[in-house]
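Now for the letters of each chain:
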Amino acid sequence: GAGVSQTPSNKVTEKGKYVELRCDPISGHTALYWYRQSLGQGPEFLIYFQGTGAADDSGLPNDRFFAVRPEGSVSTLKIQRTERGDSAVYLCASSHSGGTDIQYFGAGTRLSVL
Amino acid sequence: GESVGLHLPTLSVQEGDNSIINCAYSNSASDYFIWYKQESGKGPQFIIDIRSNMDKRQGQRVTVLLNKTVKHLSLQIAATQPGDSAVYFCSGGYNKLIFGAGTRLAVHP
């Protein structure tokens, strides 16, 4: 079936605005992950969901960042009061059951905060 | 703390040659490691993984070697092709993957 889908592919916003980034994982995958990748760097972990619950949110940089997965499938990453430093590619990944199951990544959402 | 890092930021090879990309990890890093390939504008793509109870694992044209004594792993690509040009990341962990900065592999005809 289809891979991990992320929308939008690009998002341009102004400093101080609110944004939502969406992730559709591979069907049947219970684990879902969000990472952030700055230019020239490797992905940086943000949060991990197992089903509907956030099993590990230790990577969220501050309380402006929040993520939900209400039905255990689609997830939304929400960023309040965006700052220029939030500009990055936000990657979503899913795996079958978590642990050492392979994480399959989407193409990411490029967020630009002006 | 946990860290995974790469020795070289760029690697340039001739088409048909073998490529070796190296990675080091810290004491507290995971005993499970994964290599990902990332092409421009795309998300990371799984290549191969290895657990700490193994020294070597082979896939199609790729081999990962793990040296636990010096906390080092490498990715070997045989007969490198232009399609192999990408940034390669080593990573480690369960669920929460920790990535290095990546090595850019450039394949020249």
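Residues numbered from 1 in each chain as written. Chains lettered and ligands numbered in written order. Predicted model: local features only at pLDDT ≥ 70, side-chain atom pairs only at ≥ 80, totals over all residues. Heavy atoms only, no water.

### Looking at the overall build of chain B
Note the threshold: Each helix is a run of DSSP H or I of at least 4 residues and each strand a run of E of at least 2, with the numbering of both proceeding from the N terminus. Residue burial is assigned from relative accessible area. The probe radius is 1.4 Å, only protein chains are included, and a residue is buried under 20% of its type maximum, exposed over 50%, and partly exposed in between. Here, residues are in contact when the closest pair of their heavy atoms is within 4.5 Å. Shrake-Rupley sampling with a 1.4 Å probe provides the accessible areas, and residues are treated as covered by the protein chains on show and by no other component.
Check the secondary structure of chain B and you find 0 helices and 11 strands. Within chain B, buried positions represent 46% of all 109 residues. If you take every contact in chain B between residues at least 6 apart in sequence, the share linking residues at least 24 apart comes to 53%. Entry remark: accessible area of chain B is about 5,400 Å², with carbon and sulfur atoms responsible for 47%.

### Observations concerning the sheet that holds strand β1 (residues 5-7) of chain A
All names here are of chain A. Note the threshold: When DSSP finds two or more bridges between two strands, those strands count as paired. Between N-to-C directions, angles cover 0 to 180 degrees, with each direction set by a line fitted to C-alpha atoms, over the stretch in contact for helices.
Taken together, the 4 strands give an open sheet; going across it, the order is β1-β3-β8-β7, and neighbouring strands pair in antiparallel fashion. Here the strands that pair on one side only, and so sit at the sheet edges, are β1 and β7 (65-68). Strand-to-strand twist across the sheet, computed as the mean angle between neighbouring axes with direction ignored, equals 15 degrees. Relative to strand β8 (residues 75-79), β7 runs antiparallel, the two being bridged by 4 bridges. Residue V68 lies in a different strand from β8, and its bridge partner there is T76.

### Quick notes on the interface of chain A and chain B
So the rule is basically this: Buried area is a sum: the accessible area each of two parts loses on coming together, probed at 1.4 Å, counted once for each and added.
Contacts between chain A and chain B engage 20 residues on the former and 17 residues on the latter. Counting each side, the surface lost to burial between chain A and chain B is near 1,500 Å², with a carbon and sulfur contribution of 57%. Counting residues per element, the ones that place at least two in the side of chain A that touches chain B are β4 (31-37) and β5 (44-50) of chain A. Here the side of chain A that touches chain B takes 3 residues from β4(A), the largest share from any one element.

### Brief notes about empty space enclosed by the protein
One water molecule sets the probe size; rolling that probe over the atoms shows where empty space is left. The line we're drawing: Throughout, the protein atoms alone are placed on a 1 Å grid, and a set of points is a cavity if a 1.4 Å probe fits but cannot get out or a pocket if it is open with protein on both sides within 12 Å along at least five of seven lines; lining residues have an atom within 4 Å of a point. Grid points are joined across faces, edges and corners, and a volume is the space filled by probe spheres set on the points.
Counted under the stated rule, the structure contains 1 cavity of 30 Å³ or more. The calculated volume of the largest cavity comes to roughly 50 Å³. In terms of lining residues, the largest cavity is bounded by G99(A), T100(A), D101(A), I102(A), Q103(A), Y32(B), I34(B), Y36(B), F46(B) and L97(B). Counting residues per element, the lining of the largest cavity draws most heavily on strand β4 (residues 32-38) of chain B, which supplies 3 residues.

### Quick notes on the packing of aromatic side chains
Convention followed: Stacked, tilted and edge-to-face are the three classes assigned to paired rings of Phe, Tyr and Trp, where Trp is represented by its six-membered ring and a pair needs centres within 6.5 Å; plane angles under 30 degrees give stacked, over 60 edge-to-face, the rest tilted.
A full pass over the atoms with the stated rule returns 11 aromatic pairs over all chains. Relative to F99(B), the ring of F105(A) lies with its centre 6.2 Å away and its plane at 80 degrees, an arrangement referred to as edge-to-face. One end of the pair, F105(A), is in strand β10 (residues 104-105); the other, F99(B), is in strand β10 (residues 98-99), on a second chain. Pair check on accessibility: F105(A) and F99(B) agree, each one buried. An aromatic cluster is present here, built from Y35(A), F45(A), F105(A), Y36(B), F46(B), F89(B) and F99(B) joined pairwise through their rings.

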